[in-house]
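Analysis of the macromolecular model
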Amino acid sequence: MRFERREHRSTLLVIATPILAVVAALAIAGVLIALAGAPVFQAYWKILTSAFGSRLSATETLTRASPLILTGLAAAVAFRARLWNIGGEGQFYLGAIAASAASVHLFAGLPSLLQIPLLFAVGAVAGMVLLLVPLSLRLRFSVDEVVTTLLLNFVALLFVSMLIDGVLKDPAAFGWPQSEAVDAAARLPKLLARSRLHIGLGIAVVIAFLIYFVQTRTVFGVQSRAAGLNPSGAVFAGVPLGRTLVIVAMISGGLAGLAGTIEVLGVKGYVTTDLSPGYGYSGIVVAMLANLNPLGVVLAALFTATMFVGADGMSRSMGIPTYIADVTVALSLLSMLVAVFFTQYRIRR
């Protein structure tokens, strides 16, 4: 028995892959729910109603999906070009603290129409810088970016912690380590009154469509895809590999930094070390569930947000640990990896 690479993958197979992966993950997680002594279908129904059963829960789910879309896009763009960006969490935090500091110390007093775009740019640039460092080490010294981007997450978080407990600490926070609140004009407008849902969701969805257009309709999209499929072949065909990867890194790091910026401007208003419940790492899962498709990232982010928000309600009403959401999302990733493998290879005897 051997594995043989498929010469062609049907559209139906590509579309069905993430669906089957999610179904498999839910089935396996259902066994764990049953072992916890709860009815499986009732538990999943409770997750769904807890995530979308009311105006408050639906807006919270969509609010949670906004940064997941951006960190998912950050991972998808990088992975497509075989740039293994595992540093989305650090880029998220660096974008958030850069935008927060710029709002307080540089752009305070500017009108919203001017200040918000400037803060978006500042946050994106901060994320870019953090990813360009590992990329430069890879291009110059062949250092594995998986290790460097992963370790930079901890460096970035400690750096942010130092800032919010030092020079950027809010003097009115009663000693609590947090940054000063961003300027009122920097807060993102709400999409719905009396909710936390903000225009960041619309921005993230628009960016997903823009990334899809770039990847499918531009020369750069073809070059980045070629760089991911066969770097040596891409160079032989005339693709400027170094320049392509630099642009990919700028887009990927910028998206992760923008996610942090949107989260601090749209939801919290200031930076703490618990600003992210793991958006950067979850973005990797979102990207893989979407099979690196920018439009699929939107749906995958919505699924992941549904699991996280819905699991809280399920836990309160049925006594099941909320960690079942983390298990389900992790199982979805593993199932997706197996499913992707079998879309690329078939078994031959």
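Residues numbered from 1 in each chain as written. Predicted model: local features only at pLDDT ≥ 70, side-chain atom pairs only at ≥ 80, totals over all residues. Heavy atoms only, no water.

**Comments concerning the side chain of Arg80**
- Position of Arg80 among the secondary structure elements: in helix H3 (residues 55-80).
- Buried within the structure, Arg80 lacks any salt-bridge partner; Glu145 is the closest side chain of opposite charge, at an N-O distance of 15 Å.
- Ignoring any residue separated from it by four or fewer positions in sequence, one finds Arg80 in contact with Gln215, Ser224, Arg225, Gly228 and Leu292. (Helix = DSSP H or I, 4+ residues; strand = E, 2+ residues; numbered from the N terminus. Buried < 20%, exposed > 50% of the residue type's maximum accessible area, 1.4 Å probe, protein only. Lys, Arg positive; Asp, Glu negative; His and termini not counted. Salt bridge = Lys/Arg side-chain N within 4 Å of Asp/Glu carboxyl O. Contact = heavy atoms within 4.5 Å.)

**Structural notes on helix H10 (residues 241-268)**
- Look at H10: 39 Å from first C-alpha to last across 28 residues, which is about the 40 Å you get at 1.5 Å a residue.
- Counted residue by residue, H10 has 20 buried out of 28 residues, so it is predominantly covered.
- Downstream of H10 by a residue or two, Gly269 has a phi angle that is positive, lying close to 90°. (Expected span 1.5 Å × (residues − 1).)

**Section: the environment of Ser335**
- Mapping Ser335 onto the fold places it in helix H13 (residues 323-344).
- Counting along the chain gives 169 residues from Ser335 to Gly166, while the straight-line C-alpha distance between them is 44 Å.
- For Ser335, the residues in contact, after removing those within four places along its chain, are Ala21, Ala24 and Ala25.
- A polar contact of 2.8 Å, which involves the side chain of Ser335, links it to the backbone oxygen of Leu331. (Polar contact = N/O pair within 3.5 Å; in protein donor to acceptor, adjacent residues only side chain to side chain.)

**Describing the nonpolar core**
- Core analysis: the largest hydrophobic core is formed by 93 residues, its most contacted members being Leu70, Phe79, Ile97, Leu255 and Leu265.
- Residue contributions to this core peak at eleven residues, all from H3.
- Ignoring any residue separated from it by four or fewer positions in sequence, one finds Leu255 in contact with Leu70, Leu73, Ala74, Val77, Ile207 and Ile211. (Core = buried A, V, L, I, M, F, W, Y, C linked by side-chain atoms within 4.5 Å.)

**What to know about the pattern of salt bridges**
- Overall, the coordinates contain four salt bridges when judged by the stated rule.
- Among the salt bridges present, the one from Glu145 reaches Arg138, with a minimum N-O distance of 2.9 Å.
- For Glu145, a relative accessible area of 5% translates into the label buried.
- As a salt-bridge pair, Lys169 and Asp165 come within 3.4 Å of each other at their nearest N and O atoms.
- Judged by its relative accessible area of 26%, Lys169 falls in the partly exposed class.
- The exposure class assigned to Asp165 is partly exposed, which follows from its relative accessible area of 46%.

**Remarks on the layout of surface pockets**
- When its volume is computed, the largest pocket comes out at roughly 1,200 Å³.
- The wall of the largest pocket is formed by 35 residues, among which Ala290, Asn291, Leu292, Asn293 and Val340 lie closest to the centre.
- Every element with two or more residues in the lining of the largest pocket is listed here: helix H1 (11-35), H3, helix H7 (200-217), helix H8 (219-229), helix H11 (279-289), helix H12 (294-318) and H13.
- When its residues are assigned to classes, the lining of the largest pocket shows 20 nonpolar, eight polar and seven charged.
- Considered as a void within the structure, the second largest pocket measures approximately 250 Å³ in volume.
- Taken together, Arg64, Pro277, Gly278, Tyr279, Tyr281, Ser282, Val285, Phe308, Asp312, Asp326 and Val329 form the lining of the second largest pocket. (1 Å grid on protein atoms, 1.4 Å probe; cavity = no way out; pocket = protein on both sides within 12 Å on 5 of 7 lines; lining within 4 Å. Points joined across faces, edges and corners; volume = space filled by probe spheres on them. Nonpolar A, V, L, I, M, F, W, Y, C, P; charged D, E, K, R; others polar.)

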